[in-house]
Amino acid sequence: MPGIFITATDTNVGKTLIAAGLVNFFKNQGINAGYMKPISCSQDNDAVFVKKLLKLKDQLALINPISLPYPLSPLATVRKAKIKIDLKKIKRAFTVLSKKYDLVVVEGVGGALVPITEKIMIADLIKQLKIPTIIVARASLGTINHTLLTVEALRKRKIKIQGIIMNGYTGDELSEDDNADIIFEQTKIPILAKVPWLI
Ligand SMILES: Nc1ncnc2c1ncn2[C@@H]1O[C@H](COP(=O)(O)OP(=O)(O)O)[C@@H](O)[C@H]1O
Ligand SMILES: [Mg+2]
């Protein structure tokens, strides 16, 4: 597969941390992996951060073809700034990167049902890129509902879900013991990793 789309149950759940970690993980396995953040929103400088962190040589405009001017959701920004998001620009950048790399780790914005135009949501973009997903989910209480909702939205669009990564185990929240098991029981989607809260 040319790429894997990292979505999450919400914003701030750990997409950037996991996406950058996965690129590193794949590289250590001998897989030439790249990173892409198709849409960034102002303060969200994930592309700049990951480019520097992983010492990526690709131009920022290729890693992040759409850079929006406000720290808002994409559709709110599009309206406020009276601009249009050109999905073709994203697809072209993805095609270029996917020719250069064995696998491109693509980081989403927020969660699966974030609208990026009046008619297109992140999940629709995933579908258009024709790549499977990994869902990053919180380890903590509330994650079952958010994760099952995300799975339902992706399955409705027939997007392949490769697995779920549970992020941010602290060891001191009771629900952490059962959340992953219940999510697996309900979805039969493999839990690929349980990542501790690292600081
Ligand atoms: N497992 C973790 N341990 C420590 N900090 C984390 C962990 N996961 C995420 N964070 C921190 O939480 C914040 C949100 O994570 P981030 O990867 O930027 O989320 P997203 O890309 O989904 O918005 C960042 O400051 C990040 O460094
Ligand atoms: Mg991010």
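What comes next is a walk through the structure. As the structure is a computational prediction, the values presented were derived from the model and not from experiment. (Residues numbered from 1 in each chain as written. Chains lettered and ligands numbered in written order. Predicted model: local features only at pLDDT ≥ 70, side-chain atom pairs only at ≥ 80, totals over all residues. Heavy atoms only, no water.)

Some details on the coordination of the magnesium ion (ligand 2)
Distances from the magnesium ion (ligand 2) to its protein donors, T16 (OG1), D46 (OD) and E107 (OE), fall within 2.1 Å. Mapped onto the polypeptide sequence, the residues donating to the magnesium ion (ligand 2) form the spacing pattern T-x29-D-x60-E. Here T16 is found in helix α1 (residues 15–28), whereas its partner D46 is found in helix α2 (residues 46–53), with 30 residues between them in sequence. Classification of D46 as buried rests on a relative accessible area of 15%. (Donors = N, O, S within 2.8 Å, 3.2 Å for Na, K, Ca; no water. Helix = DSSP H or I, 4+ residues; strand = E, 2+ residues; numbered from the N terminus. Buried < 20%, exposed > 50% of the residue type's maximum accessible area, 1.4 Å probe, protein only.)

Points about unusual backbone geometry
Excluding glycine, residues mostly carry a negative phi; peptide bonds, for their part, are mostly trans. Backbone geometry places N12, a non-glycine residue, at a positive phi of 70°. Examined against the element boundaries, N12 turns out to sit in the loop between β1 (3–8) and α1. Despite not being glycine, K130 shows a phi value in the positive range, around 60°. Mapped onto the elements, K130 comes out in the loop between α6 (122–129) and β6 (133–138).

Considering the site of ligand 1
In the vicinity of ligand 1, 13 residues are found, and the nearest of them are N12, K15, T16, N167 and L198. Contacts to ligand 1 include K15, whose backbone N or O atom sits 2.9 Å from an oxygen atom. The contact in question runs from an oxygen atom of ligand 1 to an N or O atom on the side chain of E107, over 3.1 Å. Here ligand 1 occupies the largest pocket. (Near = heavy atom within 4 Å. Polar contact = N/O pair within 3.5 Å; in protein donor to acceptor, adjacent residues only side chain to side chain. 1 Å grid on protein atoms, 1.4 Å probe; cavity = no way out; pocket = protein on both sides within 12 Å on 5 of 7 lines; lining within 4 Å. Sits in = over half its atoms within 2 Å of the grid points.)

A word on the sheet that holds β6
Pairing is parallel in the open sheet, where 6 strands are placed in the order β2-β5-β1-β6-β7-β8. A single partner strand is all that each edge strand has here, and the edge strands are β2 (33–36) and β8 (191–196). The sheet shows a mean angle of 20° between the axes of neighbouring strands, direction not considered. Contacts from helix α8 (residues 179–187) reach β7 (161–169) and β8, with the element oriented near 165° to β7. (Pairing = 2+ DSSP bridges. Axes fitted to C-alpha atoms, helices over the stretch in contact; angles between N-to-C directions. Contact = heavy atoms within 4.5 Å.)

Describing the pattern of salt bridges
Opposite charge on two side chains lets them pair, provided their charged atoms get close. In this structure the tally under the stated criterion is 6 salt bridges. The partner of D46 in a salt bridge is K37, with the nearest N and O atoms 3.0 Å apart. The class of K37 is buried, set by a relative accessible area of 2%. Salt-bridge contacts for R79 lead to E118; the nearest nitrogen and oxygen are separated by 3.2 Å. Of this pair, R79 sits in helix α4 (residues 74–81) while E118 sits in the loop between β5 (103–107) and α6, placing them 39 residues apart in sequence. Residue E118 is classed as exposed on the basis of its relative accessible area of 58%. In this structure, a network of salt bridges that share partners links the residues K37, D46 and E107. (Salt bridge = Lys/Arg side-chain N within 4 Å of Asp/Glu carboxyl O.)

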